[in-house]
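Fold and geometry: a report
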Amino acid sequence: MAAGAGPGAGGARSRSIVVLTGAGISVESGLPSFRGAAGLWQGRRLEEVATPEAFARQPALVQRFYDERRRQLLDPAIRPNAAHLALAELERRWPDPVVVVTQNIDDLHERAGSRDLIHMHGELLKARCTACAAVHGWQEDLAGAHRCPGCARSGCLRPHVVWFGEMPLELDAIQSALESCALFVAIGTSGQVYPAAGFVEAVRGAGQAHTIEINLEPSAISSRFAEHRRGSAAALVPALVEELLGAPAG
Ligand code: BV8
């Protein structure tokens, strides 16, 4: 059981767990993070490319930015790592809800088996029609005039991704999970992007959960966590799951 006032300390109360993941959990699967050494994408800052204004100004450049990331994600060499797999096993074996709120737009959590999963910043393998708002699974390049499978209009498809200045998805469901959980774990996020970086405050405000940060290095929000585990997600997440389940993960 995790150190501190872990979920088991709460008696009959629900011992639900909320896990917030960021780009760091996918690094050991081969996907680069944003703010590490390779943090500048093609020499551009994410905040300059991932905005509706950038898309309006240079749609081909923004589409190409996501087309390249989609192709990389679809490379067979890119697979869930031990951290993704351990979280899916925790969801299967933990007696109360385990919800993964991911800032990532890759599909590694799904492929690892996580089901109670919220992609608050959207999904790279989906496209959204700017004309009819329909969302479709999408694995091809989006640059070029594709027709929307819903309304048949062409030239209206964009990545189903939340850009800076756009409202993240499912914030009500996330807030509700944060306020009722007994354990909040943040994995592989630099804590620089809001509202995700503020989730630990909502948990602290509810006053009933233990909070753990798993990261290679201190983040912008480390001081807000009761417990810190410094190291790689692929090593530390299976270890935490093993502690919580009281048995070897895997
Ligand atoms: C919003 C999708 C309300 C795209 C992303 C002005 C107007 C509006 C809003 C704002 C504004 N000014 C500021 C804001 C808020 C803004 C914001 O926070 N800006 C920052 C830059 C200050 N937020 C927003 O705009 C959000 N919307 O506020 O809505 C609203 C709406 C309208 C008007 C007003 C308010 C929307 C933000 C979503 C942007 N989209 N992603 C895409 O992926 O291309 S954000 C992007 O960066 C990622 O998705 C991720 O979510 C985010 C943070 O990245 P991290 O995941 O933390 O990754 P990072 O590389 O930074 O860090 C990796 C970490 O892992 C490191 O700590 C490293 O040490 C660690 N690590 C590395 N390897 C490992 C490891 N740890 C463990 N093991 C390892 N092996």
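The preceding data block contains the structure.
Quick summary incoming for the structure in this document. All values reported here derive from a predicted model rather than from experimental measurement.

A few words on the overall build of the protein chain. Helices and strands together make up the secondary structure of the protein chain, namely eight helices and nine strands. In the protein chain, buried positions account for 50% of the 250 residues. Of the contacts formed within the protein chain by residues at least 6 apart in sequence, a portion of 65% connects residues at least 24 apart. Accessible surface computed for the protein chain: about 11,100 Å², of which carbon and sulfur atoms make up 53%.

Moving on: the packing of helix α4 (residues 82–93) against helix α8 (residues 233–245). Across the interface, α4 lies against α8 with an axial gap of 7 Å and an inter-helix angle of 15 degrees. The orientation of α4 with respect to α8, classified from their angle, is roughly parallel. Both α4 and α8 take part in a crossing whose hand is left-handed. Between α4 and α8, the residues in contact are A82, A83, A86, L87, E89, L90 and R93 and A233, A234, V237, P238, V241, L244 and L245, respectively.

Y194 connects to P195 through a cis peptide bond whose omega is 0 degrees. With respect to the helices and strands, the residue P195 is situated in the loop between β7 (183–187) and α7 (199–206). Not every positive phi belongs to a glycine, and A133 is a case in point at roughly 70 degrees. Assessed through its relative accessible area of 52%, A133 is described here as exposed. A positive phi angle is found at E170, which is not glycine, with a value near 60 degrees. For E170, the location among the structural elements is in the loop between β6 (157–161) and α6 (171–180). The exposure class assigned to E170 is partly exposed, which follows from its relative accessible area of 46%.

Moving on to the environment of S154. Here S154 shows up in the loop between β5 (135–137) and β6. Relative accessible area serves as the criterion here: at 38%, S154 is assigned to the partly exposed category. Measuring from C-alpha to C-alpha, the distance between S154 and C129 comes to 9.2 Å, with 25 residues separating the pair along the chain. Ignoring any residue separated from it by four or fewer positions in sequence, one finds S154 in contact with H146 and R147.

The subject of this paragraph is the environment of W138. Mapping W138 onto the fold places it in the loop between β5 and β6. Counting along the chain gives 22 residues from W138 to H160, while the straight-line C-alpha distance between them is 9.3 Å. Setting aside anything within four residues of it in sequence, one finds W138 in contact with R70, L124, L125, K126, A127, H146, R147, P149 and L157.

Let's shift gears to the state of the cysteines. Disulfides are covalent bonds that link the sulfur atoms of two cysteine residues. One pass over the structure, following the stated rule, counts zero disulfides. C148 takes part in no disulfide bond, and the closest cysteine sulfur, belonging to C132, lies 3.6 Å away. Judged by relative accessible area, which is 2%, C148 ranks as buried.

What the rule picks out here adds up to four aromatic pairs. Cation over ring: R158 sits above W163, and NZ or CZ is 3.8 Å from the ring centre.

Glancing now at the site of the ligand. The ligand sits among 35 residues. The nearest are R35, R69, S190, Y194 and N215. Backbone polar atom of L216 to a nitrogen atom of the ligand: 3.5 Å apart, as the coordinates give it. In isolation the ligand offers 1,500 Å² of accessible surface; the protein chains occlude 77% of this area. Breaking the shell around the ligand down by element, the ones donating at least two residues are α1 (46–49) and α3 (59–73). Along the lines of polarity and charge, the residues of the shell around the ligand split into 16 nonpolar, 13 polar and six charged. Among the domains, domain 1 (6–31 + 80–120 + 168–245) and domain 2 (33–77 + 122–161) are the pair contributing at least three residues each to the shell around the ligand.

Rules of the game
Residues numbered from 1 in each chain as written. Predicted model: local features only at pLDDT ≥ 70, side-chain atom pairs only at ≥ 80, totals over all residues. Heavy atoms only, no water. Helix = DSSP H or I, 4+ residues; strand = E, 2+ residues; numbered from the N terminus. Buried < 20%, exposed > 50% of the residue type's maximum accessible area, 1.4 Å probe, protein only. Contact = heavy atoms within 4.5 Å. Areas by Shrake-Rupley, 256 points an atom, 1.4 Å probe, with all protein chains shown as cover. Axes fitted to C-alpha atoms, helices over the stretch in contact; angles between N-to-C directions. Parallel < 35°, antiparallel > 145°, perpendicular 65-115°, else oblique. Left-handed = near helix turned anticlockwise from the far one by under 90°. Disulfide = S-S within 2.5 Å. Phe/Tyr/Trp six-rings, centres within 6.5 Å; stacked < 30°, edge-to-face > 60°. Lys NZ or Arg CZ within 6 Å of the ring centre and 35° of its normal. Near = heavy atom within 4 Å. Polar contact = N/O pair within 3.5 Å; in protein donor to acceptor, adjacent residues only side chain to side chain. Nonpolar A, V, L, I, M, F, W, Y, C, P; charged D, E, K, R; others polar. Domains from an automatic or database assignment.

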